[in-house]
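Architecture at a glance
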Amino acid sequence: QVQLVESGGGLVQAGGSLRLSCAASGRSLSKYAMGWFRQTPRKEREFVAAIAWSGGSTRYADSVKGRFTISRDNAKNTVYLQMNGLKPEDTAVYYCAAGDLVRVWVLRSQYDYWGQGTQVTVPS
């Protein structure tokens, strides 16, 4: 019923910026919490950032706090992740997720819908 499609990934040099977008179709996400997770072959899918349905509350992983900004435009049914000061360790496939009744932002199990992912590569 809900499809999430990420876009905006690519290759960027260390210190550069990138903005990821997650567009939803099938249902309005205005009352859903939205999150961004990332995954590398070496690690499990890890939490990056999340935003409440109202957009008034956000949370970030310590590794990205101060560099990444999550935002949402409910009118466009879209969530964004602005990534600044990118580092090689940010290289991963980034997934957006949507969840109803999310109580713990950082847990994958809290989210009901997931996108296909978009690759972000930051060469070392």
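Residues numbered from 1 in each chain as written. Predicted model: local features only at pLDDT ≥ 70, side-chain atom pairs only at ≥ 80, totals over all residues. Heavy atoms only, no water.

What follows concerns the overall build of the protein chain. Assigned secondary structure in the protein chain consists of zero helices and 11 strands. Counting from the amino terminus, helix and strand elements in the protein chain follow one another as β-β-β-β-β-β-β-β-β-β-β. For the protein chain, the C-alpha radius of gyration of 13 Å lies close to 14 Å, the compact-globule estimate for 124 residues. Taking the principal axes of the C-alpha coordinates as reference, the protein chain spans close to 40 × 25 × 25 Å. Contacts in the protein chain between residues far apart in sequence, at least 24 positions, make up 58% of those at least 6 positions apart. As displayed, the protein chain offers around 6,600 Å² of accessible surface, 46% of which is attributable to carbon and sulfur atoms. (Helix = DSSP H or I, 4+ residues; strand = E, 2+ residues; numbered from the N terminus. Rg over C-alpha atoms; globule rule 2.2 N^0.38 Å. Contact = heavy atoms within 4.5 Å. Areas by Shrake-Rupley, 256 points an atom, 1.4 Å probe, with all protein chains shown as cover.)

It is worth spelling out the sheet that holds strand S3 (residues 18-25) at this point. Across the sheet, four strands lie side by side as S1-S3-S8-S7; this open sheet has antiparallel pairing. Of all strands in the sheet, those with a lone pairing partner are strand S1 (3-7) and strand S7 (68-73), marking the two edges. Looking at each pair of strands side by side, their axes are set apart by 15° on average, direction ignored. (Pairing = 2+ DSSP bridges. Axes fitted to C-alpha atoms, helices over the stretch in contact; angles between N-to-C directions.)

Tallying each qualifying case throughout the model produces one disulfide. Paired by a disulfide, Cys22 and Cys96 hold their sulfur atoms 1.9 Å apart. The sign of the S-S torsion, about 50°, decides the handedness of the disulfide formed by Cys22 and Cys96: right-handed. With a gap of 74 residues between them, Cys22 in strand S3 and Cys96 in strand S9 (residues 92-99) connect regions that are remote in the sequence. Assigned by exposure class, Cys22 and Cys96 land together as buried. (Disulfide = S-S within 2.5 Å. Buried < 20%, exposed > 50% of the residue type's maximum accessible area, 1.4 Å probe, protein only.)

On to the side chain of Arg72. Tracing the sequence through the fold places Arg72 in strand S7. A polar contact is formed between the side chain of Arg72 and the backbone oxygen of Ala52, at a distance of 2.9 Å. Reaching out from Arg72, the side chain makes a polar contact with the side chain of Asn74 at a distance of 2.8 Å. Discounting chain neighbours no more than four positions away, the residues touching Arg72 are Leu29, Ser30, Tyr32, Ala33, Met34, Ile51, Ala52, Trp53, Gly55, Thr78 and Val79. (Polar contact = N/O pair within 3.5 Å; in protein donor to acceptor, adjacent residues only side chain to side chain.)

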